[in-house]
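# Coordinate analysis (summary)
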Amino acid sequence: LRATLERAQQGGAPSIGQWMEFPGYTLARTIASLGSDWVLVDCEHGNIADNEMYLAMGAIVTGGASPIVRIPADEPWMMKRALDSGAHAIMIPMCETPEQAAAIVKAMKYPSKEWPQGIRGAGAMFAPANFSQNGGDYLKTANDNILVIVQIESRLAVENCEKIAATEGIDMLFIGPNDLAASMGYFALDHAKIPEVQEATKRVLKAAKDAGKFAGHFALSAGIAAAKAQQGFEFMNCGADIVAITAWMSEEMANCKEL
Ligand code: 3PY
């Protein structure tokens, strides 16, 4: 995962992923085999319980992509479960202050010489199997290998984005444009048309770049992902299972009306 982000940071192709809202081992493996760099298992808004998250992690690695979990909320025990399931990165919704960002990093790291503040517990039974090269060394390499992605998706988060980006251990600022628009008092789905949201987006992107961190943006099509890559974002999804199924089946249903 990190290699695809560094590739993007150096001007190469962006790191592209898919978003999963449905549970299922075979679904996860199928989506992962379609060629994206990563697949995100959305435990915040998807219908994906703890056991399904565990199954999806292995399925995504088997399908050839990096597994990422978006946890439901900023809770250390949720980070622990997602980390132990073998995720290569964790996305944490609604990070709003540098203090919160520092607490997130603390929960994500094993205690070590470099991370004395880490509080992650050492019992990762299944995660090592998801890291082919470093499986045997998981306890030693996890702190460096696993990415900490925080979502910037509120007015307060934008006000603090430079300090959040500068927090040691935060790897990426990821914009959730729907929640960001909503927190500014607009209808969430109008985010692309709202100048205030677009200004905030530029500020967050600059904050990430100035701090040497990665920047990501939610996208539901290759076209939106390409536009965000053009702006300088390195990490976008280009679809989501529920969106793809709904769009394709609705279109075919409409075609059937003509039969
Ligand atoms: C948002 O757009 O607010 C997101 O968090 C993407 O799911």
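Now for a look at the structure at hand.

About the thresholds
Residues numbered from 1 in each chain as written. Predicted model: local features only at pLDDT ≥ 70, side-chain atom pairs only at ≥ 80, totals over all residues. Heavy atoms only, no water. Helix = DSSP H or I, 4+ residues; strand = E, 2+ residues; numbered from the N terminus. Buried < 20%, exposed > 50% of the residue type's maximum accessible area, 1.4 Å probe, protein only. Contact = heavy atoms within 4.5 Å. 1 Å grid on protein atoms, 1.4 Å probe; cavity = no way out; pocket = protein on both sides within 12 Å on 5 of 7 lines; lining within 4 Å. Points joined across faces, edges and corners; volume = space filled by probe spheres on them. Nonpolar A, V, L, I, M, F, W, Y, C, P; charged D, E, K, R; others polar. Polar contact = N/O pair within 3.5 Å; in protein donor to acceptor, adjacent residues only side chain to side chain. Salt bridge = Lys/Arg side-chain N within 4 Å of Asp/Glu carboxyl O. Near = heavy atom within 4 Å. Sits in = over half its atoms within 2 Å of the grid points. Pairing = 2+ DSSP bridges.

The next point concerns the environment of Ala-73. Among the secondary structure elements, Ala-73 is positioned in the loop between β3 (66–70) and α4 (76–84). Relative accessible area serves as the criterion here: at 28%, Ala-73 is assigned to the partly exposed category. When the C-alpha atoms of Ala-73 and Ala-219 are compared, they prove to be 21 Å apart, with 146 residues separating the residues in sequence. Once residues lying within four places of it in the same chain are set aside, the contact partners of Ala-73 are Met-78 and Pro-93.

Once that is clear, we can look at the layout of surface pockets. In this model, the second largest pocket occupies a volume close to 250 Å³. If you go around the second largest pocket, you meet 16 residues; those closest to its centre are His-45, Arg-70, Asn-178, Asp-179 and Phe-218. Examining the composition of the lining of the second largest pocket, we find that 3 residues originate from one element, helix α9 (residues 177–183), more than from any other. For the lining of the second largest pocket, the class distribution of residues is 6 nonpolar, 4 polar and 6 charged.

A word on the side chain of Ser-15. Tracing the backbone through its elements, the reader meets Ser-15 in strand β1 (residues 15–20). Here the side chain of Ser-15 touches Thr-4 through a polar contact of 2.7 Å, side chain to side chain. Looking at Ser-15, its side chain comes within polar contact range of the side chain of Trp-38, at 3.2 Å. Here Ser-15 is in contact with Leu-1, Thr-4, Leu-5, Arg-7, Ala-8, Asp-37, Trp-38, Glu-234, Phe-235 and Met-236, once residues within four sequence places are set aside.

Counted under the stated rule, the structure contains 12 salt bridges. The partner of Lys-193 in a salt bridge is Asp-190, with the nearest N and O atoms 3.4 Å apart. A network of salt bridges, in which partner residues are shared, links Asp-42, Glu-44 and Arg-70.

Let us look at the site of the ligand. Taken together, the residues surrounding the ligand are Arg-70, Gln-151, Glu-153, Gly-176, Pro-177, Asn-178, Asp-179 and Phe-218. Between the ligand and Asn-178, the relevant distance is 2.7 Å, taken from an oxygen atom to a side-chain nitrogen or oxygen of the residue. Here an oxygen atom of the ligand sits 2.8 Å away from a polar atom, N or O, in the main chain of Asp-179. Judged by the proximity of its atoms to the pocket grid, the ligand belongs to the second largest pocket. By residue number, the principal contributor to the shell around the ligand is α9, which donates 3 residues.

Here we take up the pairing of β1. Most of β1 is tucked away: 5 of the 6 residues are buried. Pairing analysis gives 4 bridges linking β1 to strand β8 (residues 235–240), with the strands arranged parallel. Bridge pairing in β8 places Ile-16 opposite Met-236. Taken together, the 4 bridges between β1 and strand β2 (residues 38–42) define a ladder with parallel strand orientation. Across the sheet, the residue bridging to Gly-17 is Trp-38, located in β2.

The values reported here are purely geometric and, on their own, carry no functional implication.
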